[in-house]
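Spelled out from the first residue to the last, the chains are:
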Amino acid sequence: MTAAVTVPQLTAGTWAIDPTHSTLGFTVRHLMVSKVRGRFQDFSGSITVDDSGVTAISADIDVASITTDNAQRDGHLKTADFFEVEKFPTATFRSTSVTPKGDGYVLTGDFTLHGVTKPVELTVEYNGVNAGMGNGPVAGFEATTTINRRDFGISIDMPLEGGGAVVGDKITLNLDIEAGLQA
């Protein structure tokens, strides 16, 4: 079920996510003291707003497009130890509701990663609409959420000698989205 939520200046129609001007990033704790940052380079998605304001959001992510700017680590992340991209090449998100909260929104939906689907909530900041650069209006959003990798069957244990783990369980997802209204 999606909710009827009026987002100022976000007119009815399909708004396609522009991967050239969007980022699907993440951070994860490394060695208990720092964070590794990464992103997915290949993804697509849309925001569909019907005439009554009901909004539906979907996204598909090519998991093999992961990059942390370290080829050896990226190769390891693609193996069965982590994402197992040969078996689970795509992660997906399908919204179930959008609700106002303070100055922003809460986007709830089903996130599928590593063959496991779980509900997630993203905190969304709407940055507005701009007339664009000759190809029609564009809208901007920022969204964040934290998931636990173990909830999605990514359960590799790499304990440290003094306690803790090489890779943390909590993954923070940071999305910077620009979407253009399709003609």
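Residues numbered from 1 in each chain as written. Predicted model: local features only at pLDDT ≥ 70, side-chain atom pairs only at ≥ 80, totals over all residues. Heavy atoms only, no water.

## So, the overall build of the protein
Piece 1. Along its length, the protein carries 1 helix and 11 strands.
Piece 2. Each helix and strand of the protein, ordered N terminal to C terminal, gives the series β-β-β-β-β-β-α-β-β-β-β-β.
Piece 3. Against the globule reference of 16 Å for 183 residues, the protein gives a C-alpha radius of gyration of 17 Å, in line with a compact fold.
Piece 4. With the C-alpha coordinates aligned to their principal axes, the bounding extent of the protein is approximately 55 × 30 × 30 Å.
Piece 5. A total of 183 residues make up the protein; the buried ones form 41% of that total.
Piece 6. For the protein, the share of sequence-separated contacts (at least 6 apart) that also reach a separation of at least 24 residues comes to 58%.
Piece 7. In the protein, which carries 13 positive and 22 negative side-chain charges, the distance between the mean positions of the two groups comes to 8 Å. (Helix = DSSP H or I, 4+ residues; strand = E, 2+ residues; numbered from the N terminus. Rg over C-alpha atoms; globule rule 2.2 N^0.38 Å. Buried < 20%, exposed > 50% of the residue type's maximum accessible area, 1.4 Å probe, protein only. Contact = heavy atoms within 4.5 Å. Lys, Arg positive; Asp, Glu negative; His and termini not counted. Charge placed at Lys NZ, Arg CZ, Asp CG, Glu CD.)

## Section: the layout of surface pockets
Piece 1. Space inside the second largest pocket adds up to approximately 220 Å³.
Piece 2. Forming the boundary of the second largest pocket are 14 residues, of which D18, N135, G136, V138 and E178 lie nearest the centre.
Piece 3. Residues of the lining of the second largest pocket, tallied by class, amount to 6 nonpolar, 6 polar and 2 charged. (1 Å grid on protein atoms, 1.4 Å probe; cavity = no way out; pocket = protein on both sides within 12 Å on 5 of 7 lines; lining within 4 Å. Points joined across faces, edges and corners; volume = space filled by probe spheres on them. Nonpolar A, V, L, I, M, F, W, Y, C, P; charged D, E, K, R; others polar.)

## Some points on the nonpolar core
Piece 1. One finds F83, F93, F111, L113, F141 and I147 to be the most contacted residues of the largest nonpolar core, which totals 44 residues.
Piece 2. Top contributing element to this core by residue count: strand β11 (residues 167–181), with 5 residues.
Piece 3. Leave out the neighbours within four places in its chain, and F83 touches F40, V63, I66, L77, K78, F88, L113, H114 and I154. (Core = buried A, V, L, I, M, F, W, Y, C linked by side-chain atoms within 4.5 Å.)

## Topic: unusual backbone geometry
Piece 1. Positive phi outside glycine occurs at D69, with the angle close to 65°.
Piece 2. Looking at where D69 falls in the secondary structure, it is placed in the loop between β6 (66–67) and α1 (71–77).
Piece 3. Under the relative-accessibility criterion, D69 is labelled exposed at 63%.
Piece 4. Notably, H114 is not glycine yet its phi reads approximately 60°, a positive angle.
Piece 5. Relative to the elements of secondary structure, H114 occurs in the loop between β8 (104–113) and β9 (116–130).
Piece 6. For H114, a relative accessible area of 12% corresponds to the buried category.

## Things to note about the UniProt feature "domain: Lipid/polyisoprenoid-binding YceI-like" (unreviewed entry) in the protein
Piece 1. According to UniProt, the feature "domain: Lipid/polyisoprenoid-binding YceI-like" (unreviewed entry) maps to residues 14–180 in the numbering used here.
Piece 2. Regarding residues 14–180, the helix share stands at 4% and the strand share at 59%, and the terminal C-alpha atoms are separated by 8 Å. (UniProt positions renumbered as here; feature names shortened; annotations may be inferred.)

## Describing the confidence of the model for the protein
Piece 1. Mean pLDDT over the protein stands at 92; residues scoring 70 or higher make up 96%.
Piece 2. Of all helices and strands in the protein, the one with the weakest mean pLDDT is strand β2 (residues 23–30) (94), whereas β6 scores best (98). (pLDDT = per-residue confidence, 0-100.)

## Comments concerning the side chain of T55
Piece 1. One can find T55 in strand β5 (residues 55–62).
Piece 2. Within polar-contact distance, the side chain of T55 engages the backbone oxygen of G53 at 3.2 Å. (Polar contact = N/O pair within 3.5 Å; in protein donor to acceptor, adjacent residues only side chain to side chain.)

## Some points on the pairing of strand β1 (residues 13–17)
Piece 1. Pairing of β1 with strand β4 (residues 43–49) involves 4 bridges; the strand directions are antiparallel. The residue of β4 that forms the bridge with T14 is T48.
Piece 2. Note that β1 and β11 share 3 bridges and pair antiparallel. Each bridged residue has a counterpart across the sheet, and for A16 the counterpart in β11 is G180. (Pairing = 2+ DSSP bridges.)

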